[in-house]
Structure formats: C-alpha cells, structure tokens
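# Chains, contacts and geometry: an overview
Each chain, letter by letter, is given below.
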Amino acid sequence: MSAVEDKLAGLGLTLPEVAAPLASYVPAIRTGSYIYTAGQLPLVEGKLGVTGKVGAEVTPEEAKELARTCALNALAAVKSVIGDLDKIVRVVKVVGFVASAPDFTGQPGVVNGTSELLGEVLGDAGVHARSAVGVAVLPLDAPVEVELQVEVAD
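Computed from a predicted structure; not experimentally measured.

### A short note on the overall build of the protein
Along the protein, the regular secondary structure elements total 3 helices and 7 strands. When the backbone C-alpha atoms are referred to their principal axes, the protein occupies close to 45 × 30 × 25 Å. For the protein, with 154 residues in total, the buried portion stands at 45%. In the protein, once contacts between residues fewer than 6 apart in sequence are set aside, the share between residues at least 24 apart is 81%. When the accessible area of the protein is evaluated, it comes to approximately 7,300 Å², of which 53% is carbon and sulfur surface.

### Let's talk about the pattern of salt bridges
Two side chains carrying opposite charge are able to pair once their charged atoms lie near each other. Going through the model one piece at a time under the given rule, you end up with 5 salt bridges. With a closest N to O distance of 3.0 Å, Asp141 and Lys53 form a salt bridge. Separated by 88 residues along the polypeptide, Asp141 in the loop between β6 (129-135) and β7 (144-152) and Lys53 in the loop between β4 (47-48) and α2 (60-82) bring together distant segments of the chain. Residue Glu120 pairs with Arg68 through a salt bridge whose shortest N-O separation is 3.0 Å.

### What about the environment of Leu140?
The topology assignment puts Leu140 in the loop between β6 and β7. In this structure the C-alpha to C-alpha distance between Leu140 and Leu41, which are 99 residues apart in sequence, comes to 9.1 Å. Beyond its immediate chain neighbours, meaning those up to four positions away, Leu140 contacts Leu22, Leu41, Leu48 and Thr51.

### Re the environment of Ala38
With respect to the helices and strands, the residue Ala38 is situated in the loop between β2 (34-37) and β3 (43-44). Considering only alpha carbons, one finds Ala38 and Ala9, 29 residues apart in sequence, at a separation of 24 Å. Every residue in contact with Ala38, bar those within four places of it in the chain, is listed here: Tyr25, Val26, Pro27, Val146 and Glu147.

About the thresholds
- Residues numbered from 1 in each chain as written.
- Predicted model: local features only at pLDDT ≥ 70, side-chain atom pairs only at ≥ 80, totals over all residues.
- Heavy atoms only, no water.
- Helix = DSSP H or I, 4+ residues; strand = E, 2+ residues; numbered from the N terminus.
- Buried < 20%, exposed > 50% of the residue type's maximum accessible area, 1.4 Å probe, protein only.
- Contact = heavy atoms within 4.5 Å.
- Areas by Shrake-Rupley, 256 points an atom, 1.4 Å probe, with all protein chains shown as cover.
- Salt bridge = Lys/Arg side-chain N within 4 Å of Asp/Glu carboxyl O.

In structure tokens, the structure reads:
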C-alpha cells in the first residue's frame, strides 16, 4: 500500500474500485507528465446515494461530503493509470460542478470537500488551482461532479 493510501486509511477511508464510465470515455488518461480524469460522480459501489440539486433536495453539508467521495473516485482513476499514488507530484487543478438550485451560491464551499481531502492525503502536493461551477443538472441527477489534473513522476 502506498503512503497516500496509508493516509486515507488513517482517515478511515479506502480507495474504491474505479467507477465504470457512463458513456464512451475512459476514467483517466495520461499525456506526458499529466493525468486528466473524467468527471467523477459521488458513486459508491456503482450507485448514487443522493440525487438532486444543492440548495433544494441536498444540503450544502451533504454535498461537501459527496465532493469528498468524488475526490476518492478521482484518485482511484489516477491510480488506474499510474499504479501508485505516491507518484503524484502535485494536483494542478480541480474543477468541481455543483448541480444547484437557482438561488444557491455556495459552490466553493461544496467543492472544498474535494480540496480538503486532497490536502489531507497529499499535503503540499494537494494544493491546487480550482474552479467551482454551478450547473442546472449533472448526469444521473448527481449533486456534484469533480475532475482532476494531476502531475506525476515517471
């Protein structure tokens, strides 16, 4: 087990299996020193536990936890390409999409769930640039979707 996975275990978390794509794409791809993940939903064992819009059916606190799950799924996708999460040099960018009720403006707080988890398990390598975007709807009526760009060592 990698040091990153040891840190996850210390938080009571385990890296899930890579989520199966919902359409015609791959979960992650490498080009040069970078891994780009597809958008990762908060799937647990292939299922969404919560659906709906943040600020309506889903609370911001629930959505922040779902963003943590998205981060775990994204790390699993990265591992599927490089085999060992200890090869991560840094998380370069996080893009978070939040299915939002029309008057909800707390997208940054929701996506903090991803950012905070990456910081907890990767330390300084988890510090990144980020976008948090409110959208009308996400696949499967998911409340949150996250994608990562990660620099890795050979």
